Number of protein chains: 2
Amino acid sequence: MTRDVFQGLADPTRREILTMIAHKSLNVNSVASNFDVSRTAIYKHLKILSECGLVVLQQQGRERYCEARPEKLNEVSDWVEQYRQIWTKRFDALDAYLMKIQAQKKTTAKPKKHGRKK
Amino acid sequence: MTRDVFQGLADPTRREILTMIAHKSLNVNSVASNFDVSRTAIYKHLKILSECGLVVLQQQGRERYCEARPEKLNEVSDWVEQYRQIWTKRFDALDAYLMKIQAQKKTTAKPKKHGRKK
DNA sequence: CATAAATGAAACCTTTTGGTTGCACAAATA
DNA sequence: TATTTGTGCAACCAAAAGGTTTCATTTATG
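We now turn to the structure provided with this report. (Residues numbered from 1 in each chain as written. Chains lettered and ligands numbered in written order. Predicted model: local features only at pLDDT ≥ 70, side-chain atom pairs only at ≥ 80, totals over all residues. Heavy atoms only, no water.)

**Quick notes on the overall build of chain A**
Counting its secondary structure elements, chain A contains five helices and three strands. Walking chain A from its N terminus toward its C terminus, one meets helices and strands in the order α-α-β-α-α-β-β-α. When the accessible surface of chain A is totalled, it reaches about 8100 Å², and 51% of it is carbon and sulfur. (Helix = DSSP H or I, 4+ residues; strand = E, 2+ residues; numbered from the N terminus. Areas by Shrake-Rupley, 256 points an atom, 1.4 Å probe, with all protein chains shown as cover.)

Pasting the structure below:
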């Protein structure tokens, strides 16, 4: 199953897990021991994180090491960045509009009160 | 009620709404008309978005305009950025370790096969 | 070998999500 | 004034999320 990276980040426990294993890959039990919910609950979070590509689980003997995949976060920062561009363009358009108005004010004869442009 | 901005972004419909109103503020009905779910469903999404500060709803006559608040996205990019720093430092530490090993190799006498240091 | 450790997964439960329909109400309009 | 329009909100519902306990399985280890 594949899953949305935004959804993966939605849960605070999952974000904490990511921070934790960013420092150093840990096996499932080690990750779980840092939280006060059950190992199974943490395992489910890890599964979700791996389903959205933020984590890979590497078998090593009887343990499985959880390794962070921060490249996946690019999808998030890309979205935010693209969003900012839309937002910025919006103001560029407004600026352009205001400039145009300014230009018109200068080149147009000052109309009388109640005057009407052709 | 206040809400987590990551949770606000978790739903794809909500991200679409944000993109939509980034271009131009729209009233609730206009937003809803762009989706094929009910107006009430969109209203709920808008409520969630406003609860996490990504949107403000401005009353104007009988309409309510939905205005994007992209500053709130800083919380997201900040988190991602901070995360990348942790990740990067991790490799810096590894680099430092490898450099140290390299240095030791150079200064230590080449041991015999099966030889033991110290 | 017997046992402990690490994990995956099933079964189950409660709360949250995302959706619906229906109704009330204020603002605009014919 | 009567009616339409835009909206908020309650009640309800199904599915997903997040958690638990329990059990099976594989790998290390005394």
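**Some remarks on the relation of the copies chain A and chain B**
Related by rotation about an axis and a shift along that axis, the two copies of the chain form a pair. At an RMSD of 0.1 Å, chain A and chain B line up after a rotation of 180 degrees and a shift of 0.0 Å along the axis. Both copies are brought into coincidence by an operation consistent with a two-fold rotation axis. Most of the interface of chain A is mirrored in chain B, where 100% of its interface residues are also at the interface. (Least-squares fit on C-alpha atoms with pLDDT ≥ 70 in both. Contact = heavy atoms within 4.5 Å.)

**Some points on the pattern of salt bridges**
Residue and element names in this part refer to chain A. Tallied over the full model, the rule gives ten salt bridges over all chains. Notably, a salt bridge pairs Glu 67 with Arg 69, separated by 3.3 Å at the nearest N-O pair. By relative accessible area, which is 22% here, Glu 67 ends up partly exposed. A salt bridge links Glu 81 to Arg 84; the nearest nitrogen and oxygen atoms lie 3.9 Å apart. (Salt bridge = Lys/Arg side-chain N within 4 Å of Asp/Glu carboxyl O. Buried < 20%, exposed > 50% of the residue type's maximum accessible area, 1.4 Å probe, protein only.)

**With respect to the nonpolar core**
Counting residues in hydrophobic clusters, the biggest one holds 56 residues, and the most contacted among them are Val31(A) and Val31(B). Residues in contact with Val31(A), not counting those within four places in the same chain, are Ile17(A), Met20(A), Ile21(A), Leu26(A), Ile42(A) and Cys66(A). (Core = buried A, V, L, I, M, F, W, Y, C linked by side-chain atoms within 4.5 Å.)

**Examining the protein's contact with DNA strand D**
Residues in close proximity to DNA strand D total 22 residues, the closest being Gln7(A), Ser38(A), Lys44(A), His45(A) and Arg64(B). Sugar and phosphate atoms represent 64% of those atoms of DNA strand D found within 4 Å of the protein. Separating a phosphate oxygen of DNA strand D from a side-chain N or O atom of Tyr43(B) is a distance of 2.8 Å. Separating a base oxygen of DNA strand D from a side-chain N or O atom of Arg62(B) is a distance of 2.9 Å. Where the surface near DNA strand D is concerned, the elements lending two or more residues are helix H4 (39–51) of chain A together with helix H3 (28–33), helix H4 (39–51) and strand S3 (63–68) of chain B. Taken together, the residues of the surface near DNA strand D sort by class into four nonpolar, eight polar and ten charged. (Near = heavy atom within 4 Å. Polar contact = N/O pair within 3.5 Å; in protein donor to acceptor, adjacent residues only side chain to side chain. Nonpolar A, V, L, I, M, F, W, Y, C, P; charged D, E, K, R; others polar.)

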